[in-house]
Amino acid sequence: MTLDNIKEEILESKSIVILTHEAPDGDAVGSSLAMYMGLKQLGKDVDVIIPKYSKTFAFLPYINEVKEEGRNENYDLAIALDCGDIKRLNGFANYFENANTKISIDHHKVNTMFADYNFVNPTSPACSQILIMVLKSLGVEITKDIGTCLLTGIITDTGGFQYQNVKPETFEFAAELLSKGINISDIYKRTLKTVSKEKFELRKTAMNRIELLENDKIAFTYITKQDEEKICSEDYDGIVDIGRDIEGVEISVFLREIDENTYKISLRSNDYVNVSDICLMFSGGGHIKAAGGIITDVPFEKAKEKIVTECKKHLHCSDEKWKVNKGFLRKAKEGVPSLPMYLLFI
(Lines give C-alpha, C1' and ligand atoms only; values in the text may rest on other atoms or scores of the structure.)
Protein backbone atom coordinates (compact mmCIF):
# COMPACT_ATOMS: atom_id res chain seq x y z
CA MET A 1 0.00 0.00 0.00
CA THR A 2 1.47 3.35 -1.07
CA LEU A 3 0.10 5.23 1.95
CA ASP A 4 1.69 2.68 4.29
CA ASN A 5 5.01 3.12 2.45
CA ILE A 6 4.74 6.90 2.72
CA LYS A 7 3.98 6.69 6.43
CA GLU A 8 6.97 4.39 6.98
CA GLU A 9 9.37 6.61 5.01
CA ILE A 10 8.27 9.78 6.81
CA LEU A 11 8.56 8.22 10.26
CA GLU A 12 12.04 6.84 9.50
CA SER A 13 13.42 10.06 7.98
CA LYS A 14 15.10 12.82 9.95
CA SER A 15 15.77 15.59 7.39
CA ILE A 16 12.86 16.32 5.03
CA VAL A 17 12.34 18.91 2.30
CA ILE A 18 8.90 19.95 1.01
CA LEU A 19 8.61 21.25 -2.56
CA THR A 20 5.72 22.37 -4.75
CA HIS A 21 5.08 23.63 -8.26
CA GLU A 22 6.20 26.91 -9.81
CA ALA A 23 3.84 29.91 -9.57
CA PRO A 24 2.28 28.35 -6.47
CA ASP A 25 -1.45 28.81 -5.89
CA GLY A 26 -3.38 28.48 -2.65
CA ASP A 27 -3.39 24.70 -2.73
CA ALA A 28 0.36 24.54 -3.31
CA VAL A 29 1.19 26.98 -0.51
CA GLY A 30 -1.52 25.72 1.85
CA SER A 31 -0.68 22.04 1.50
CA SER A 32 3.06 22.73 1.86
CA LEU A 33 2.60 24.66 5.10
CA ALA A 34 0.16 22.09 6.48
CA MET A 35 2.64 19.29 5.79
CA TYR A 36 5.43 21.39 7.32
CA MET A 37 3.50 21.87 10.56
CA GLY A 38 2.45 18.23 10.65
CA LEU A 39 6.03 17.00 10.28
CA LYS A 40 7.18 19.48 12.92
CA GLN A 41 4.64 17.88 15.26
CA LEU A 42 6.45 14.59 14.67
CA GLY A 43 9.79 16.16 15.60
CA LYS A 44 11.24 16.17 12.09
CA ASP A 45 13.89 18.55 10.75
CA VAL A 46 11.92 20.11 7.88
CA ASP A 47 12.47 22.73 5.21
CA VAL A 48 9.69 24.01 2.98
CA ILE A 49 11.02 25.74 -0.15
CA ILE A 50 8.85 28.20 -2.07
CA PRO A 51 11.00 30.91 -3.73
CA LYS A 52 8.08 33.16 -4.69
CA TYR A 53 4.44 33.29 -3.66
CA SER A 54 1.58 35.76 -3.82
CA LYS A 55 1.10 38.31 -1.03
CA THR A 56 -2.43 36.93 -0.86
CA PHE A 57 -1.10 34.07 1.28
CA ALA A 58 0.90 36.22 3.70
CA PHE A 59 -1.74 35.62 6.40
CA LEU A 60 -1.11 31.87 6.57
CA PRO A 61 0.46 30.42 9.73
CA TYR A 62 4.22 29.80 9.55
CA ILE A 63 4.55 31.47 6.13
CA ASN A 64 7.57 33.31 7.55
CA GLU A 65 9.40 29.98 7.85
CA VAL A 66 9.24 29.30 4.11
CA LYS A 67 12.72 29.27 2.57
CA GLU A 68 13.99 30.36 -0.84
CA GLU A 69 16.72 27.71 -0.78
CA GLY A 70 17.38 24.51 1.13
CA ARG A 71 19.91 24.10 3.93
CA ASN A 72 21.10 20.69 2.72
CA GLU A 73 22.16 19.24 -0.60
CA ASN A 74 21.01 15.75 0.35
CA TYR A 75 17.85 15.28 2.43
CA ASP A 76 16.71 11.93 3.76
CA LEU A 77 13.32 12.52 2.17
CA ALA A 78 11.84 14.89 -0.40
CA ILE A 79 8.07 15.40 -0.64
CA ALA A 80 6.56 17.01 -3.73
CA LEU A 81 3.06 18.39 -3.21
CA ASP A 82 0.46 19.42 -5.79
CA CYS A 83 2.88 18.85 -8.67
CA GLY A 84 2.37 16.55 -11.64
CA ASP A 85 5.86 16.72 -13.15
CA ILE A 86 9.35 17.07 -11.70
CA LYS A 87 10.07 19.82 -14.26
CA ARG A 88 7.59 22.07 -12.44
CA LEU A 89 9.30 21.90 -9.04
CA ASN A 90 10.03 25.60 -8.83
CA GLY A 91 13.52 25.22 -10.32
CA PHE A 92 14.61 23.13 -7.35
CA ALA A 93 14.27 19.63 -8.76
CA ASN A 94 17.86 19.00 -7.58
CA TYR A 95 16.70 18.80 -3.95
CA PHE A 96 14.16 16.21 -5.01
CA GLU A 97 16.53 14.18 -7.17
CA ASN A 98 19.32 14.20 -4.57
CA ALA A 99 17.12 13.01 -1.69
CA ASN A 100 17.50 9.41 -0.54
CA THR A 101 13.77 8.81 -0.93
CA LYS A 102 11.18 10.70 -2.97
CA ILE A 103 7.42 11.02 -2.40
CA SER A 104 4.78 12.71 -4.56
CA ILE A 105 1.31 13.57 -3.24
CA ASP A 106 -0.90 15.07 -5.91
CA HIS A 107 -4.36 15.36 -7.47
CA HIS A 108 -3.56 16.26 -11.09
CA LYS A 109 -4.97 14.02 -13.79
CA VAL A 110 -1.68 14.25 -15.67
CA ASN A 111 1.06 13.02 -13.34
CA THR A 112 4.33 11.50 -14.58
CA MET A 113 4.71 9.38 -11.42
CA PHE A 114 8.22 10.77 -10.93
CA ALA A 115 8.73 9.73 -7.29
CA ASP A 116 9.62 6.48 -5.54
CA TYR A 117 6.16 6.57 -3.96
CA ASN A 118 3.30 8.33 -5.75
CA PHE A 119 0.06 8.97 -3.90
CA VAL A 120 -2.13 10.51 -6.61
CA ASN A 121 -5.91 10.93 -6.53
CA PRO A 122 -7.15 12.85 -9.60
CA THR A 123 -10.73 12.85 -8.29
CA SER A 124 -9.78 14.92 -5.24
CA PRO A 125 -10.65 18.62 -5.56
CA ALA A 126 -7.34 19.65 -3.97
CA CYS A 127 -4.04 18.23 -2.82
CA SER A 128 -4.89 19.70 0.59
CA GLN A 129 -7.85 17.33 0.88
CA ILE A 130 -5.59 14.32 0.21
CA LEU A 131 -3.26 15.53 2.97
CA ILE A 132 -6.04 15.21 5.53
CA MET A 133 -5.84 11.42 5.14
CA VAL A 134 -2.05 11.42 5.06
CA LEU A 135 -1.63 13.57 8.18
CA LYS A 136 -4.23 11.64 10.14
CA SER A 137 -2.56 8.34 9.21
CA LEU A 138 0.67 9.75 10.68
CA GLY A 139 -1.10 10.55 13.94
CA VAL A 140 -0.83 14.31 13.38
CA GLU A 141 -3.40 16.44 15.18
CA ILE A 142 -5.23 18.72 12.73
CA THR A 143 -4.79 21.96 14.67
CA LYS A 144 -6.41 25.29 13.87
CA ASP A 145 -3.23 26.43 12.07
CA ILE A 146 -2.94 23.26 9.99
CA GLY A 147 -6.65 23.38 9.23
CA THR A 148 -6.40 27.00 8.11
CA CYS A 149 -3.75 26.06 5.55
CA LEU A 150 -5.60 22.98 4.34
CA LEU A 151 -8.85 24.88 3.98
CA THR A 152 -7.05 27.63 2.08
CA GLY A 153 -5.93 25.01 -0.41
CA ILE A 154 -9.42 23.56 -0.76
CA ILE A 155 -11.18 26.93 -1.06
CA THR A 156 -8.81 28.26 -3.72
CA ASP A 157 -8.78 25.06 -5.80
CA THR A 158 -12.58 24.77 -5.74
CA GLY A 159 -13.28 28.45 -6.34
CA GLY A 160 -14.97 28.66 -2.96
CA PHE A 161 -16.71 25.25 -3.22
CA GLN A 162 -18.30 26.14 -6.57
CA TYR A 163 -16.55 23.73 -8.97
CA GLN A 164 -17.87 20.31 -9.94
CA ASN A 165 -14.90 18.53 -8.34
CA VAL A 166 -16.23 19.23 -4.82
CA LYS A 167 -17.06 16.02 -2.93
CA PRO A 168 -19.39 15.39 0.04
CA GLU A 169 -16.34 14.78 2.23
CA THR A 170 -15.07 18.25 1.29
CA PHE A 171 -17.98 19.79 3.17
CA GLU A 172 -17.62 17.27 5.98
CA PHE A 173 -14.02 18.35 6.50
CA ALA A 174 -15.00 22.02 6.33
CA ALA A 175 -17.60 21.38 9.02
CA GLU A 176 -14.98 19.65 11.18
CA LEU A 177 -12.71 22.69 10.88
CA LEU A 178 -15.50 25.10 11.72
CA SER A 179 -15.79 23.35 15.07
CA LYS A 180 -12.10 24.17 15.69
CA GLY A 181 -12.80 27.88 15.32
CA ILE A 182 -11.45 28.38 11.80
CA ASN A 183 -13.02 31.36 10.03
CA ILE A 184 -13.98 30.05 6.58
CA SER A 185 -15.50 33.32 5.46
CA ASP A 186 -12.27 35.16 6.32
CA ILE A 187 -10.18 32.72 4.28
CA TYR A 188 -12.61 33.06 1.38
CA LYS A 189 -12.44 36.85 1.49
CA ARG A 190 -8.64 36.98 1.77
CA THR A 191 -7.93 34.46 -0.99
CA LEU A 192 -10.71 35.01 -3.52
CA LYS A 193 -12.05 38.53 -3.01
CA THR A 194 -9.36 40.87 -1.69
CA VAL A 195 -6.65 42.10 -4.09
CA SER A 196 -3.77 44.50 -3.63
CA LYS A 197 -3.68 47.75 -5.62
CA GLU A 198 -0.81 46.37 -7.71
CA LYS A 199 -2.68 43.16 -8.43
CA PHE A 200 -5.76 45.18 -9.35
CA GLU A 201 -3.73 47.25 -11.83
CA LEU A 202 -2.29 44.10 -13.41
CA ARG A 203 -5.78 42.61 -13.72
CA LYS A 204 -7.08 45.85 -15.21
CA THR A 205 -4.34 45.81 -17.84
CA ALA A 206 -5.14 42.22 -18.76
CA MET A 207 -8.88 42.91 -18.79
CA ASN A 208 -8.47 45.84 -21.17
CA ARG A 209 -6.66 43.53 -23.61
CA ILE A 210 -9.24 40.74 -23.68
CA GLU A 211 -10.16 39.61 -27.18
CA LEU A 212 -13.15 37.38 -27.89
CA LEU A 213 -12.40 34.93 -30.68
CA GLU A 214 -14.14 32.09 -32.50
CA ASN A 215 -17.71 33.36 -32.13
CA ASP A 216 -16.90 34.64 -28.63
CA LYS A 217 -16.08 31.14 -27.32
CA ILE A 218 -12.41 31.88 -26.71
CA ALA A 219 -11.23 34.76 -24.52
CA PHE A 220 -7.58 35.75 -24.95
CA THR A 221 -5.41 38.17 -22.99
CA TYR A 222 -1.77 38.63 -21.97
CA ILE A 223 0.72 40.38 -19.69
CA THR A 224 4.29 41.36 -20.61
CA LYS A 225 7.39 41.67 -18.46
CA GLN A 226 7.22 45.41 -19.10
CA ASP A 227 3.72 45.46 -17.57
CA GLU A 228 4.98 43.69 -14.46
CA GLU A 229 7.92 46.05 -14.10
CA LYS A 230 5.78 49.14 -14.60
CA ILE A 231 3.14 48.05 -12.09
CA CYS A 232 5.69 46.44 -9.74
CA SER A 233 3.69 43.24 -9.48
CA GLU A 234 4.10 39.62 -10.54
CA ASP A 235 0.85 38.61 -8.87
CA TYR A 236 -1.17 37.41 -11.86
CA ASP A 237 -3.21 34.80 -9.97
CA GLY A 238 -6.86 34.90 -11.08
CA ILE A 239 -6.34 36.79 -14.34
CA VAL A 240 -7.23 33.78 -16.47
CA ASP A 241 -10.54 33.43 -14.61
CA ILE A 242 -11.70 36.84 -15.83
CA GLY A 243 -12.12 35.60 -19.38
CA ARG A 244 -13.80 32.40 -18.28
CA ASP A 245 -16.51 34.36 -16.47
CA ILE A 246 -17.67 36.12 -19.66
CA GLU A 247 -21.02 34.84 -20.88
CA GLY A 248 -20.64 32.38 -23.77
CA VAL A 249 -16.90 31.82 -23.33
CA GLU A 250 -15.77 28.20 -23.19
CA ILE A 251 -11.96 28.61 -23.11
CA SER A 252 -10.04 31.41 -21.41
CA VAL A 253 -6.41 31.89 -22.49
CA PHE A 254 -3.85 33.93 -20.56
CA LEU A 255 -0.29 34.35 -21.83
CA ARG A 256 2.39 35.77 -19.54
CA GLU A 257 5.80 36.73 -20.86
CA ILE A 258 8.47 35.27 -18.58
CA ASP A 259 11.47 35.88 -20.83
CA GLU A 260 12.23 36.97 -24.36
CA ASN A 261 10.21 34.75 -26.72
CA THR A 262 9.07 32.62 -23.77
CA TYR A 263 5.48 32.59 -22.49
CA LYS A 264 3.67 30.85 -19.67
CA ILE A 265 0.21 29.57 -20.65
CA SER A 266 -2.79 29.44 -18.34
CA LEU A 267 -6.04 27.92 -19.60
CA ARG A 268 -9.50 27.54 -18.10
CA SER A 269 -12.70 26.03 -19.52
CA ASN A 270 -16.34 26.11 -18.54
CA ASP A 271 -18.31 23.10 -19.76
CA TYR A 272 -16.79 20.62 -22.17
CA VAL A 273 -13.22 21.34 -23.31
CA ASN A 274 -10.41 19.43 -21.60
CA VAL A 275 -7.72 22.11 -21.39
CA SER A 276 -5.26 19.64 -19.86
CA ASP A 277 -5.13 17.90 -23.24
CA ILE A 278 -4.37 21.23 -24.92
CA CYS A 279 -1.54 21.99 -22.49
CA LEU A 280 0.04 18.59 -23.10
CA MET A 281 0.93 19.99 -26.52
CA PHE A 282 2.93 22.72 -24.75
CA SER A 283 4.98 20.75 -22.21
CA GLY A 284 2.30 21.16 -19.57
CA GLY A 285 -0.87 19.64 -18.17
CA GLY A 286 -3.15 19.95 -15.18
CA HIS A 287 -6.86 19.41 -14.67
CA ILE A 288 -9.72 19.05 -17.13
CA LYS A 289 -10.87 22.64 -16.60
CA ALA A 290 -7.65 24.28 -15.38
CA ALA A 291 -4.21 23.71 -16.85
CA GLY A 292 -0.96 25.36 -17.85
CA GLY A 293 2.02 25.03 -20.16
CA ILE A 294 4.83 26.97 -21.81
CA ILE A 295 5.73 28.23 -25.29
CA THR A 296 9.38 28.93 -26.09
CA ASP A 297 11.54 30.30 -28.89
CA VAL A 298 8.80 32.21 -30.70
CA PRO A 299 7.72 35.90 -30.74
CA PHE A 300 4.45 36.95 -29.15
CA GLU A 301 2.23 36.87 -32.27
CA LYS A 302 3.43 33.37 -33.14
CA ALA A 303 2.88 32.19 -29.56
CA LYS A 304 -0.64 33.60 -29.64
CA GLU A 305 -1.35 31.92 -32.98
CA LYS A 306 -0.10 28.53 -31.77
CA ILE A 307 -2.17 28.42 -28.58
CA VAL A 308 -5.33 29.87 -30.15
CA THR A 309 -5.12 27.42 -33.08
CA GLU A 310 -4.84 24.48 -30.69
CA CYS A 311 -7.76 25.79 -28.64
CA LYS A 312 -9.91 26.04 -31.78
CA LYS A 313 -9.22 22.40 -32.67
CA HIS A 314 -10.27 21.16 -29.25
CA LEU A 315 -13.18 23.57 -29.09
CA HIS A 316 -14.85 22.22 -32.23
CA CYS A 317 -14.10 18.57 -31.48
CA SER A 318 -15.37 18.83 -27.90
CA ASP A 319 -18.40 20.89 -28.96
CA GLU A 320 -19.63 18.10 -31.25
CA LYS A 321 -19.26 15.49 -28.51
CA TRP A 322 -21.03 17.82 -26.08
CA LYS A 323 -23.99 18.18 -28.44
CA VAL A 324 -24.18 14.41 -28.96
CA ASN A 325 -24.14 13.76 -25.22
CA LYS A 326 -26.73 16.44 -24.46
CA GLY A 327 -28.97 15.10 -27.22
CA PHE A 328 -28.69 11.55 -25.93
CA LEU A 329 -29.49 12.56 -22.38
CA ARG A 330 -32.47 14.64 -23.52
CA LYS A 331 -33.90 11.77 -25.57
CA ALA A 332 -33.21 9.31 -22.77
CA LYS A 333 -35.34 11.45 -20.47
CA GLU A 334 -38.09 11.42 -23.07
CA GLY A 335 -37.87 7.65 -23.42
CA VAL A 336 -36.84 7.88 -27.09
CA PRO A 337 -34.31 5.33 -28.43
CA SER A 338 -31.18 7.18 -29.41
CA LEU A 339 -27.46 6.74 -29.98
CA PRO A 340 -25.47 3.85 -28.47
CA MET A 341 -24.44 4.36 -24.88
CA TYR A 342 -20.73 4.13 -25.71
CA LEU A 343 -20.89 7.51 -27.45
CA LEU A 344 -21.27 9.10 -24.06
CA PHE A 345 -17.77 8.06 -23.14
CA ILE A 346 -15.82 8.87 -26.30
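*Asks:* Is there a simple way to think about helix H4 (residues 127-137) in this case?
*Replies:* For an α-helix, the turn length of 3.6 residues means that residues three or four places apart are oriented alike. By the criterion of burial, H4 is predominantly enclosed, with eight of the eleven residues buried. The complete set of buried residues in H4 reads Cys127, Ser128, Gln129, Ile130, Leu131, Ile132, Val134 and Leu135.

*Asks:* I tried to follow the nonpolar core on my own but got confused; where do I start?
*Replies:* Soluble globular proteins tend to bury their nonpolar side chains together. Met35, Ile79, Ile105, Val134, Leu150 and Leu151 are the most contacted members of the largest nonpolar core, which totals 48 residues. For this core, the leading source of residues is helix H2 (residues 26-41), giving seven residues. The residues touching leucine 150, leaving out its near neighbours within four places in the chain, are Gly30, Ala34, Ser128, Leu131, Ile132, Leu135, Ile142 and Phe173. Val253, Tyr272, Phe282 and Ile295 belong to the second largest nonpolar core, which has 24 residues in total.

*Asks:* Can you help me understand the sheet that holds strand S3 (residues 77-81) in this one?
*Replies:* The strands making up a sheet associate through backbone hydrogen bonding, with each pair oriented either parallel or antiparallel. Taken in spatial order, the five strands line up as S2-S1-S3-S4-S5 in an open sheet, and their pairing is parallel. Two strands in the sheet have a free side with no partner beyond their single neighbour: strand S2 (45-49) and strand S5 (117-120). Put simply, the sheet's adjacent strands are angled 15° from each other on average, direction ignored. Direction of pairing for strand S4 (residues 101-106) relative to S5: parallel, over a ladder of four bridges. Considered in S5, the bridge of serine 104 is made with asparagine 118. Strands strand S1 (15-20), S3, S4 and S5 of the sheet are contacted by helix H1 (residues 2-12), whose axis makes an angle of about 125° with S5.

*Asks:* For this particular structure, what's the right way to read the sheet that holds strand S10 (residues 285-286)?
*Replies:* Spatially, six strands are ordered S6-S7-S8-S9-S11-S10 in an open sheet, and the strand pairing comes out mixed. Two strands bound the open sheet, and with one partner strand each, they are strand S6 (211-213) and S10. In the sheet, strand S9 (residues 262-269) pairs with strand S11 (residues 290-296) via seven bridges, with the strands oriented antiparallel. When the bridges of S11 are listed, serine 266 appears paired with glycine 292.

*Asks:* Any chance you could explain the pattern of salt bridges here in plain terms?
*Replies:* Between side chains of opposite charge, a pair can form when the charged atoms approach closely. A complete count under the given rule lists 17 salt bridges for this structure. Ionic pairing is found between lysine 304 and glutamate 211, a salt bridge with its closest N-O pair at 2.6 Å. Residue lysine 304 is found in helix H12 (residues 300-334), and its partner glutamate 211 is found in strand S6; the two are separated by 93 residues along the sequence. Note on lysine 304: relative accessible area 16%, which makes it buried. Among the charged side chains, a network of salt bridges with common partners joins Asp45, Asp47, Lys67 and Arg71.

*Asks:* Can you walk me through the packing of H2 against H4 in this structure?
*Replies:* Two quantities define a packed helix pair, namely the angle between the axes and the distance from one axis to the other. The N-to-C vectors of H2 and H4 enclose an angle of 15°; their axes lie 9 Å apart at closest approach. As summarised for this structure, H2 and H4 are arranged roughly parallel, according to the angle between their axes. Every pair of crossing elements has a handedness; the one defined by H2 and H4 is right-handed. Side by side, H2 and H4 meet where Asp27, Gly30, Ser31, Ala34, Met35 and Gly38 of the first sit next to Cys127, Ser128, Leu131, Val134 and Leu135 of the second. Broken down by class, the residue content of the contact of H2 with H4 amounts to six nonpolar, four polar and one charged.

*Asks:* Help me understand the pairing of strand S7 (residues 218-223) in this model?
*Replies:* Side chains on a regular strand alternate between the two faces of the sheet. In terms of burial, S7 is a largely internal element, five of the six residues being buried. Here S6 runs beside S7; their pairing, made up of three bridges, is antiparallel. Each residue of the ladder has a partner; that of glutamate 211, found in S7, is phenylalanine 220. Summarising the sheet, S7 and strand S8 (residues 251-259) pair through six bridges and their orientation is parallel. Counterpart to phenylalanine 220 in the pairing with S8 is valine 253.

*Asks:* When you look at the side chain of glutamate 310 in this model, what are you seeing that I'm missing?
*Replies:* Of note, glutamate 310 is situated in helix H12. Filtering out sequence-adjacent residues up to four positions away, glutamate 310 remains in contact with Ile278, Met281 and Phe282.

*Asks:* What exactly am I supposed to notice about helix H6 (residues 168-178) here?
*Replies:* When we look at burial in H6, the residues that qualify are Thr170, Phe173, Ala174 and Leu177. The buried side chains of H6 occupy one side of the element, clustering within an arc of 100° when seen end-on. Along H6, exposed side chains directed more than 90 degrees from the buried face belong to Pro168, Glu172 and Leu178. On its buried face, H6 sits against H4, helix H5 (144-157) and helix H7 (184-193).

Each value, and the rule that gives it
- Residues numbered from 1 in each chain as written.
- Predicted model: local features only at pLDDT ≥ 70, side-chain atom pairs only at ≥ 80, totals over all residues.
- Heavy atoms only, no water.
- Buried < 20%, exposed > 50% of the residue type's maximum accessible area, 1.4 Å probe, protein only.
- Helix = DSSP H or I, 4+ residues; strand = E, 2+ residues; numbered from the N terminus.
- Core = buried A, V, L, I, M, F, W, Y, C linked by side-chain atoms within 4.5 Å.
- Contact = heavy atoms within 4.5 Å.
- Pairing = 2+ DSSP bridges.
- Axes fitted to C-alpha atoms, helices over the stretch in contact; angles between N-to-C directions.
- Salt bridge = Lys/Arg side-chain N within 4 Å of Asp/Glu carboxyl O.
- Parallel < 35°, antiparallel > 145°, perpendicular 65-115°, else oblique.
- Left-handed = near helix turned anticlockwise from the far one by under 90°.
- Nonpolar A, V, L, I, M, F, W, Y, C, P; charged D, E, K, R; others polar.
- Arc of directions from axis to C-beta.

Spatial relationships are all this shows, so hold off on functional conclusions.
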